[in-house]
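The residues making up each chain are set out below.
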Amino acid sequence: MTDLTPTLSAIVEDFAALTERERLELLLEFSENLPDLPARFTDHPELLEPVPECQSPLFLAVELADDAPTADSLVRVFFSAPREAPTTRGFAGILHEALDGLTAAEVLAVPDDVPNRLGLARAVSPLRLRGMSAMLTRVKRRVERALTA
Amino acid sequence: MALPVDPNPRLAQYTHPERLVTTEWLAANLGRDGLVVVESDEDILVYATGHIPGAVHIDWQTELNDPVVRDYVDGAGFAALCGAKGIARETTVGIYGDKSNWWAAYALWVFTLFGHPDVRLLDGGRDLWIADGRELTRVAPATTPSEYPVVARDDAPYRVFRDEVRAAIGRIPLIDVRSPAEYTGERTHMPDYPDEGALRGGHIPTAASVPWARAAAADGTFKARAELEEIYLAGAGLSADREAIAYCRIGERSSHTWFVLRFLLGLPKVRNYDGSWTEWGSSVGVPIVQGEAPGSIEAA
């Protein structure tokens, strides 16, 4: 687990310590703790990128702190998903806690297979988990683009 | 003992009113012996955010599908599932769910494959229950495990497989219940939905396009019988004396249409092709038509 940030490591360990049923409860907690979007996004939904791989509508946005971002710039990550889609919101909640506030280099270093390390494949089905992988891929792509822009 | 049928006169217009219950009936019968209420949603966590008091949860992916083979659980698996949920063979099962009851209808269809005698759908589903202002709870139901017999699944009357569908082209009416863009081949999955992997877009030759939502009223309940007859009998050319096959992408939306045709309009020979577009659109060599025209038997 040395390739994970401390936050991600802790999340992975939390899930690993639970039974499958409890993992779903934890996922629901993440869903409920997903922060609302700041007004600058709710007023301008066109700034958000849709993630059609998710089971239910999910939108995300990524911001880097500096005008000329570097690998050390802090990354802010925002997600929006309806309350009627708690699984998708839960995935977003995990990624928000794990990624928001990391540096660009740290975000890019997050392993792509993190969604598969949460022990959720059997509890929620691999098909549903694909949505989380898609969110992570898109966040990383956005950070990459910001660095090379 | 099965519970009495919902006497609501609105249900009497349908061929099998005993397959449907209103929110009023369900609210009045909650907690009665012999009734188990089942919630079945697209999203596995929706139930945990609040459900009808006493309702148990059945998930289509992790509980109704076989974990390895693309198929449903077998008789032993279904018996174990029902037993754990407190469902006995003689239990009246009332199913409701999110998304206009897609997954509830899908679960009801699977219960039908096992010949469960009394399984009913909540007209309007979860959304109408909430819109009515009725109670939801997070309190887990007190479930007493039951003995459910191992009954072999009998697919033949209700389920159809790819090769039978191919042989049916030009002989049996096919109903494609997906969105128009999926039908024409512009896209292989629903807008805003994951692509579950069809390699080609389009529809099965001769299939009529009747999107599932045409059967639903604005509040999620089923439309009146006269409207349904206009859509499916006059419009799509189905009739009670002929077979019919409904399909969509993975068999969930077509379960909704199957329910309408089988129980509301009383077409006894309608079957669901659950392989649907994710199978057909990825199969080697099967005929496909693109565009708005159904296409002909020659295309096959």
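Structural data are supplied above this passage.
This text gives an overview of the structure that appears in the document. (Residues numbered from 1 in each chain as written. Chains lettered and ligands numbered in written order. Predicted model: local features only at pLDDT ≥ 70, side-chain atom pairs only at ≥ 80, totals over all residues. Heavy atoms only, no water.)

To continue, consider the overall build of chain A. When its secondary structure is counted, chain A shows 7 helices and 3 strands. When its helices and strands are written in sequence order, chain A yields α-α-α-β-β-β-α-α-α-α. Over its C-alpha atoms chain A spans a radius of gyration of 15 Å, differing by no more than 12% from the 15 Å that the globule rule assigns to 149 residues. The 149 residues of chain A split such that 48% are buried. Sequence-distant contacts, at least 24 apart, represent 67% of the contacts inside chain A between residues at least 6 apart. Looking at chain A as shown, the accessible area adds up to about 7100 Å², and 52% of this sits on carbon and sulfur atoms. Taken as two groups, the 15 positive and 24 negative side-chain charges of chain A have centres that lie 7 Å from each other. (Helix = DSSP H or I, 4+ residues; strand = E, 2+ residues; numbered from the N terminus. Rg over C-alpha atoms; globule rule 2.2 N^0.38 Å. Buried < 20%, exposed > 50% of the residue type's maximum accessible area, 1.4 Å probe, protein only. Contact = heavy atoms within 4.5 Å. Areas by Shrake-Rupley, 256 points an atom, 1.4 Å probe, with all protein chains shown as cover. Lys, Arg positive; Asp, Glu negative; His and termini not counted. Charge placed at Lys NZ, Arg CZ, Asp CG, Glu CD.)

All names here are of chain A. Compared with the 20 Å implied by 1.5 Å per residue over 14 residues, the 20 Å span of helix 2 (residues 20-33) between its first and last C-alpha is a close match. Those residues of helix 2 that fall on the buried side of the exposure criterion are Arg23, Leu24, Leu26, Leu27, Leu28, Phe30 and Ser31. In this structure, the buried residues of helix 2 make contact with helix 1 (6-16), helix 4 (86-99) and helix 6 (121-124). (Expected span 1.5 Å × (residues − 1).)

Turning our attention to the sheet that holds strand 1 (residues 20-21) of chain B. Residues and elements named next belong to chain B. With respect to topology, 5 strands assemble into an open sheet ordered 1-5-4-2-3, the strand pairing being parallel. Looking along the sheet, the strands with just one partner apiece sit at the ends: strand 1 and strand 3 (56-57). In terms of strand pairing, strand 2 (residues 35-39) meets strand 3 through 2 bridges, oriented parallel. Within the sheet, the bridge partner assigned to Glu39 lies in strand 3 and is His57. Its contacts with the sheet put helix 4 (residues 102-113) on strand 4 (92-96) and strand 5 (119-122), and the angle it makes with strand 5 is roughly 175 degrees. (Pairing = 2+ DSSP bridges. Axes fitted to C-alpha atoms, helices over the stretch in contact; angles between N-to-C directions.)

Right, let's talk about the sheet that holds strand 2 (residues 59-64) of chain A for a bit. Residue and element names in this part refer to chain A. Pairing is antiparallel across the open sheet formed by 3 strands, whose spatial order is 1-2-3. Only two strands of the sheet have a single partner each, and these edge strands are strand 1 (49-50) and strand 3 (75-80). Both strand 2 and strand 3 contribute to a ladder of 6 bridges, which runs antiparallel. Residue Phe59 lies in a different strand from strand 3, and its bridge partner there is Ser80. The sheet strands contacting helix 7 (residues 126-148) are strand 1, strand 2 and strand 3, and the helix crosses strand 2 at an angle near 30 degrees.

Another point: the side chain of Ser31(A). Relative to the helices and strands, Ser31(A) resides in helix 2. Once residues lying within four places of it in the same chain are set aside, the contact partners of Ser31(A) are Pro86(A), Arg89(A) and Gly90(A).

So, about helix 8 (residues 225-235) of chain B. Residues and elements named next belong to chain B. Looking at helix 8, one finds that the buried residues are Arg225, Leu228, Ile231 and Tyr232. Each buried residue of helix 8 sits inside an arc of 135 degrees when the element is viewed along its axis, so together they form one side. Among the exposed residues of helix 8, those pointing more than 90 degrees away from its buried face are Ala226, Glu230, Ala234 and Gly235. Its buried side turned inward, helix 8 meets helix 9 (253-264). Directly after helix 8, the chain includes Gly237, whose backbone phi takes a positive value near 75 degrees. (Arc of directions from axis to C-beta.)

As a further point, take the pattern of salt bridges. Taken as a whole and judged by the stated rule, the model has 31 salt bridges over all chains. Here Arg138(B) makes a salt bridge to Glu32(A), at a shortest N to O gap of 2.3 Å. On the criterion of chain membership, the pair formed by Arg138(B) in the loop between helix 5 (125-131) and helix 6 (162-168) and Glu32(A) in helix 2 is interchain, its members lying in two chains. Relative accessible area serves as the criterion here: at 36%, Glu32(A) is assigned to the partly exposed category. In this structure, Arg153(B) engages Asp155(B) in a salt bridge whose closest nitrogen and oxygen atoms are separated by 2.8 Å. (Salt bridge = Lys/Arg side-chain N within 4 Å of Asp/Glu carboxyl O.)

Before going further, it helps to spend a moment on the pairing of strand 9 (residues 270-273) of chain B. Burial along strand 9 of chain B is two-sided: Val270(B) and Asn272(B) facing one way and Arg271(B) and Tyr273(B) facing the other are all buried. Handedness of the strand 8 (residues 244-247) of chain B-helix 9 of chain B-strand 9 of chain B crossover: right-handed. (Right-handed = clockwise from strand over helix to strand, strands pointing away.)

Residue and element names in this part refer to chain B. In this structure, Lys99 takes a positive phi of about 50 degrees despite not being glycine. One non-glycine residue, Thr206, adopts positive backbone phi at about 80 degrees. For Thr206, the position within the fold is in the loop between helix 7 (180-184) and strand 7 (208-209).

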